Amino acid sequence: MLAMLCKELGPPEKLVLEETASPKIRKKHVRITVHACGLNFPDTLIIQGLYQAKPPLPFAPGSEVSGIVSEVGEGVDSIKVGDRVLAMTLCGGLAEEVVVPAAAVVAIPESMDFDTAAGFILTYGTAYYALKQRAQLAKDETLLVLGAAGGVGLAAVELGKAMGAKVIAAASTSEKLAICQQHGADHLINYSEQDLRETVKKLTAHRGVDVVYDPVGGDLFDQASRLMDWNGRYLVIGFASGRIPELPANLPLVKGYSLMGVFWGNFVAREPEASIQNTVELLQWYEKGTINPLISEVFPLIETKEAMYRLINREAKGKIVVRIEG
């Protein structure tokens, strides 16, 4: 099979496209003929050895795939050959075939195309877990989303609105903010041109926000961590800025707010029943049109490196997908 391989840790230009052996089927696993692979910021870290998970070399990056089941292993009853599915895997997605645990595979509705399916579960799964299980976001609360036009950010904008919150979307350009507005944001902040702290204070009558959803970290964390209301919840999603910030402990003490880590992968592993229920609800919302995933760019497998640099340079809007089929 053809795969985009990481044979040496480093930036995307070290990836190589070549033929490699198809993975062997295993007990309680299924083989998927991959149609598309969604790219995510952790994919750019794992190829550099900068992510907490470190698969042995060589490996194909890509943790989010869609396609058709071509083979099922021993002990698999809920999935059959020919099923249209999406799946999560630590790596291996940027290849023509992938073998994944049956528990990580979800059937997709006929109304969902493969590109959308490939960019769906990680972003919406992360955002929903963050807002539902971690923050327990309530109707009429105020949610500030940083990096709001990226994949996980835009998902949080849509889900926050669906859950009845007032959503403040913060992003770096007017073009990105226009997308956030189209997806339901109530207020927009261009933090390249506006002072984040002062603008949020004005929007909340100096009260602050109930929940911050932060996939960026760095300087934005330093500012937003001072914008919390009493009993607020600050959600740490990731560090797309490249800097892991530090929090002065007096801030949550004085404001009585909580700092909450959001690691969706651990949630899926530790609380599988709750994770499955989240996925069911998300797919129901998709079929009703409550959420509308944005796939902004689709690249062929050979252009994976260019696609990854879109993420590294924070140029992505919504999700970027690599199409494997054809």
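Details of the structure are given in the entry above.
Residues numbered from 1 in each chain as written. Predicted model: local features only at pLDDT ≥ 70, side-chain atom pairs only at ≥ 80, totals over all residues. Heavy atoms only, no water.

### Brief notes about the side chain of Asp 210
The condition that has to hold: Secondary structure elements are taken from DSSP: a helix is a run of H or I of four residues or more, a strand is a run of E of two residues or more, and numbering for both begins at the N terminus. Exposed residues in this analysis have more than 50% of their type's maximum accessible area, buried residues have under 20%, and partly exposed residues fall in between, with area computed by a 1.4 Å probe over protein chains only. For the purposes of these results, a polar contact is taken to be a pair of N or O atoms within 3.5 Å, where, inside protein, one atom must be able to donate a hydrogen and its partner to accept one; residues adjacent in sequence count only when each atom of the pair is a side-chain atom. Note on contacts: a residue pair qualifies if any of its non-hydrogen atoms lie within 4.5 Å across the two residues.
The residue Asp 210 is located in strand E11 (residues 209-214) in this model. Assessed through its relative accessible area of 10%, Asp 210 is described here as buried. At 2.7 Å, the side chain of Asp 210 and the backbone nitrogen of Thr 142 are in polar contact. With residues near it in sequence (within four places) discarded, Asp 210 still touches Glu 141, Thr 142, Met 228, Asp 229, Gly 232 and Arg 233.

### Focus: helix H4 (residues 151-162)
Test applied: To estimate how far a helix should extend, the number of its residues minus one is multiplied by 1.5 Å.
With 12 residues, H4 extends 17 Å from end C-alpha to end C-alpha; this agrees with the ideal 16 Å at 1.5 Å per step. Most of H4 sits out of view: 10 of its 12 residues are buried. Every buried residue belonging to H4 is among Gly 151, Val 152, Gly 153, Leu 154, Ala 155, Ala 156, Val 157, Glu 158, Leu 159 and Gly 160, and all of these are buried.

### With respect to the packing of aromatic side chains
To keep things clear, this is the line we draw: What counts as a ring pair is set by centres within 6.5 Å for rings of Phe, Tyr and Trp (its six-membered ring), and what kind of pair is set by the plane angle: stacked under 30 degrees, edge-to-face over 60, tilted for all other angles. Each ring is checked for a lysine NZ or an arginine CZ that lies within 6 Å of its centre and within 35 degrees of its normal; such an atom marks a charge sitting over the ring.
Taken as a whole and assessed by the stated rule, the structure comprises five aromatic pairs. Summarising the aromatic geometry, the rings of Phe 221 and Tyr 234 are spaced 5.0 Å apart at their centres and angled 65° between planes, so their arrangement reads as edge-to-face. Here the residue Phe 221 occupies a position in helix H7 (residues 218-224), and Tyr 234 occupies one in strand E12 (residues 228-236), the gap between them amounting to 13 residues. Grouping residues by exposure puts Phe 221 and Tyr 234 together as buried. Taken together, the ring pairs connect Phe 120, Tyr 124 and Tyr 286 into an aromatic cluster. Looking at Arg 84, its charged tip hangs above the ring of Phe 114, at a distance of 4.8 Å from the centre.

### Here we look at unusual backbone geometry
Of note, the bond from Leu 57 into Pro 58 is cis; its omega dihedral lies within 30 degrees of zero at -10°. If you check the backbone angles, Asp 140 has positive phi at about 75° while not being a glycine. Within the fold, Asp 140 resides in the loop between helix H3 (121-134) and strand E8 (142-146). Its identity as a non-glycine residue notwithstanding, Asn 231 has a phi of 65°, on the positive side. Considering the arrangement of structural elements, one finds Asn 231 in strand E12. Exposure remark for Asn 231: the relative accessible area of 48% places this residue in the partly exposed category.

### Digging into the sheet that holds strand E9 (residues 166-171)
Let me state the cut-off plainly: We call two strands paired when DSSP finds no fewer than two bridges between them. Here an axis means a line fitted to C-alpha atoms, over the contact stretch when the element is a helix, while the angle between two N-to-C directions is reported on a 0 to 180 degree scale.
A sheet is described by the order of its strands in space; here six strands give the open sequence E10-E9-E8-E11-E12-E13, paired in parallel fashion. Lying at the two open borders of the sheet, with one neighbouring strand each, are strand E10 (187-190) and strand E13 (258-261). On average, each strand axis in the sheet is inclined to that of its neighbour by 20°, with strand direction left out of account. Two strands pair when backbone bridges link them, and E12 and E13 are joined in this way by four bridges, in the parallel orientation. Each residue of the ladder has a partner; that of Tyr 234, found in E13, is Leu 259.

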